[in-house]
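Breakdown of the fold
Take a look at the letters that make up each chain.
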Amino acid sequence: MSFSEEGEGDLRKPFLHTGSWYRMSSRQSSMMGSSQAIRDNSISVLACVLIVALGPIQFGFTCGYSSPTQSALMKDLNLTVSQFSLFGSLSNVGAMVGAIASGQIAEYMGRKGSLMIAAIPNILGWLAISFARDESFLYMGRLLEGFGVGIISYVVPVYIAEIAPQNLRGALGSVNQLSVTIGIMLSYLLGLFVDWRVLAVLGILPCLLLIPGLFFIPESPRWLAKMGMTEDFEASLQVLRGFDADISIEVNEIKRSVASSSNRRTAIRFADLKLRRYWLPLMIGIGLLVLQQLTGINGVIFYSNNIFQSAGIESSNAATLGVGIIQVIATSVATWLVDKTGRRILLIISSSGMAISLMVVALAFFLKGSISEDSKLYGFLGILSVVGVVCLIISFSLGMGPIPWLIMSEILPVKIKGLAGSVATLCNWSFSWVITMTAPLLLTWSSGGTFTLYTVMCILTVVFVAIWVPETKGKTLEEIQQSFR
């Protein structure tokens, strides 16, 4: 092929397809007659996951930012409680917009290209918050952050699922939620030592590291196959599996899956969603992501300081940090367990544990309302409610935190992944916004009643998982999608 022909081929590739340095490396290496150089330059799946995990860390930092900064922000900018609540919830509004766009951006610009796009509004959003002199810049910054996070929340689990080998897909997919919890913990920790403006500047760092990191990892081989880039697809998969690995079986499976989903340029129509192989995985993905929010976990995380204060805990910032650390540890355990025990059993244990924890918290708050604040029982009930919240966080982190995103990325067929992924992510963020907006109002109405409502949602989650959610452990993505036909 001539230079001009190769250049024309590159121009036909989707925008922001960020290069094939690994192919160039292998060509140069074979010209030199050395295969050792290729092996030295190979990028493992784990390294790829760690780089894209910077996105979910940004996600978590955004989620946790409002908790340690509430009092200082309200004092410095003279915000009312309703204005601060609006500030806290606007990231969800931005994420809804990002979720709507995420599927199409990921389909046409690739997984890496979409992460680059997501990083830009995140950086601009944190800068807007750090330089804010009134609520308008706060609101604008929060919306921009939310837009970027909405894209990240869909693209990262999909990218990880598409590059991971089947025996490690659960563990590596759970790194997505683990990174979110690390981001939340970092926001809590750093919020103890720096003011809200400096904390916003520190929020830029994950995306500043993510952008250059994306140039050193391969694009998703399944996306490349879908776009018809056969040479790039095989080169990417070879890099991910190691240059000594035999990838012929996996290559053939992916090719068959792409071929069976018809021509890659054929647009999905809403009428296609009537087919069982499309509506069933979409319903399961949406159901899990909606129920993840309806359990009220974001209300607990975003307003954890207030929950601890209402429980009589004076050092609420330190207590919130402790919860953040526990969340990281519990999610780490889930990352280790998910490929050993399976997804379904962890989801059932997780949602059952959340229901029990929420019942304990609800009972503690109901009893506190009927006894004197001076009694010893009142202090004990305050401690009991905090223990319940901690158990809630642990239970959530063991299953309902990481696994809904993992299953969504596993079960959606190639043909509808862009549209269906956008819809599922939009539903998740829409209900996250509802919970974030209603949590402070509900807690003001009745703390015990609020936790009772969340308990009912956890019980419904157990039933939904038992009836509808399939086990995906140990199966390739192609086998999972074939099971819905």
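Residues numbered from 1 in each chain as written. Predicted model: local features only at pLDDT ≥ 70, side-chain atom pairs only at ≥ 80, totals over all residues. Heavy atoms only, no water.

**Concerning the nonpolar core**
Nonpolar side chains tend to gather and get buried jointly when the protein is soluble and globular. Inclusion rule: Take the buried Ala, Val, Leu, Ile, Met, Phe, Trp, Tyr and Cys residues and link them wherever side-chain atoms come within 4.5 Å; each set so joined is a nonpolar core. Burial classes: relative accessible area under 20% of the type maximum marks a residue as buried, over 50% as exposed, and values in between as partly exposed (1.4 Å probe, protein chains only). Under the DSSP-based scheme used, a helix requires at least four consecutive residues in state H or I and a strand at least two consecutive residues in state E, with every element numbered from the N terminus. We call two residues contacting when some pair of their heavy atoms lies within 4.5 Å.
By size, the foremost hydrophobic cluster in this structure holds 83 residues, and its most contacted members are Val52, Leu288, Leu347, Phe451 and Val469. Take this core: its biggest share by element is 10 residues, from helix α14 (residues 276–294). Apart from residues no more than four positions distant in its own chain, Leu347 is found in contact with Leu288, Gly399, Met400, Ile403, Pro404, Ile407, Val465 and Val469. If you look at the next biggest cluster of nonpolar residues, it comprises 21 residues, including Leu90, Ile123, Trp126 and Ala132.

**Overview of the packing of α14 against helix α22 (residues 447–468)**
The following threshold applies: The convention used is that axes are lines fitted to C-alpha atoms, helices contributing only their stretch in contact, and that angles between N-to-C directions extend from 0 to 180 degrees. Angle categories: roughly parallel below 35 degrees, roughly antiparallel above 145, roughly perpendicular from 65 to 115, and oblique for all the rest. By convention, the crossing between two helices is left-handed when the near helix turns anticlockwise from the far helix through less than a right angle, and right-handed when the turn is clockwise. Gly is put with the polar residues, along with every residue not named as nonpolar or charged; the nonpolar set is Ala, Val, Leu, Ile, Met, Phe, Trp, Tyr, Cys and Pro, and the charged set is Asp, Glu, Lys and Arg.
One way to put it is that α14 packs onto α22 with a least axis distance of 9 Å and a crossing angle of 155°. In terms of orientation, α14 and α22 fall into the roughly antiparallel class. Like other packed secondary-structure pairs, α14 and α22 cross with a definite hand, here left-handed. Seen from α14, the contacting residues are Leu280, Met283, Ile284, Gly287, Leu288, Leu291 and Leu294; seen from α22, they are Tyr454, Met457, Thr461, Phe464, Val465 and Trp468. Among the residues forming the contact of α14 with α22, the class breakdown is 11 nonpolar, two polar and no charged.

**Describing the pattern of salt bridges**
Our working definition: Each reported salt bridge corresponds to a side-chain nitrogen of Lys or Arg within 4 Å of a carboxyl oxygen of Asp or Glu.
Scanning the model with the defined rule gives 12 salt bridges in all. For Arg111, the salt bridge identified is with Glu162, shortest N-O distance 2.8 Å. Of this pair, Arg111 sits in helix α6 (residues 81–130) while Glu162 is found in helix α7 (residues 135–163), placing the two residues 51 residues apart along the sequence. The burial state of Arg111 is the same as that of Glu162; both residues are buried. Through salt bridges with shared partners, a single ionic network connects Glu107, Arg111, Glu162, Lys226 and Lys417.

**Thoughts on the environment of Gln309**
Mapped onto the elements, Gln309 comes out in helix α16 (residues 304–310). Given a relative accessible area of 46%, Gln309 falls into the partly exposed group. Counting along the chain gives 73 residues from Gln309 to Gly382, while the straight-line C-alpha distance between them is 9.4 Å.

**Re the packing of α14 against helix α20 (residues 403–411)**
The contact between α14 and α20 brings their axes to 9 Å, and the two run at 165°. Judged by the inter-axis angle, α14 sits roughly antiparallel to α20. As α14 runs across α20, the sense of the crossing is left-handed. The residues of α20 that touch α14, namely those facing Pro281, Ile284, Gly285, Leu288, Leu289 and Gln292, are Pro404, Trp405, Ile407, Met408 and Ile411. Residues of the contact of α14 with α20, tallied by class, amount to nine nonpolar, two polar and no charged.

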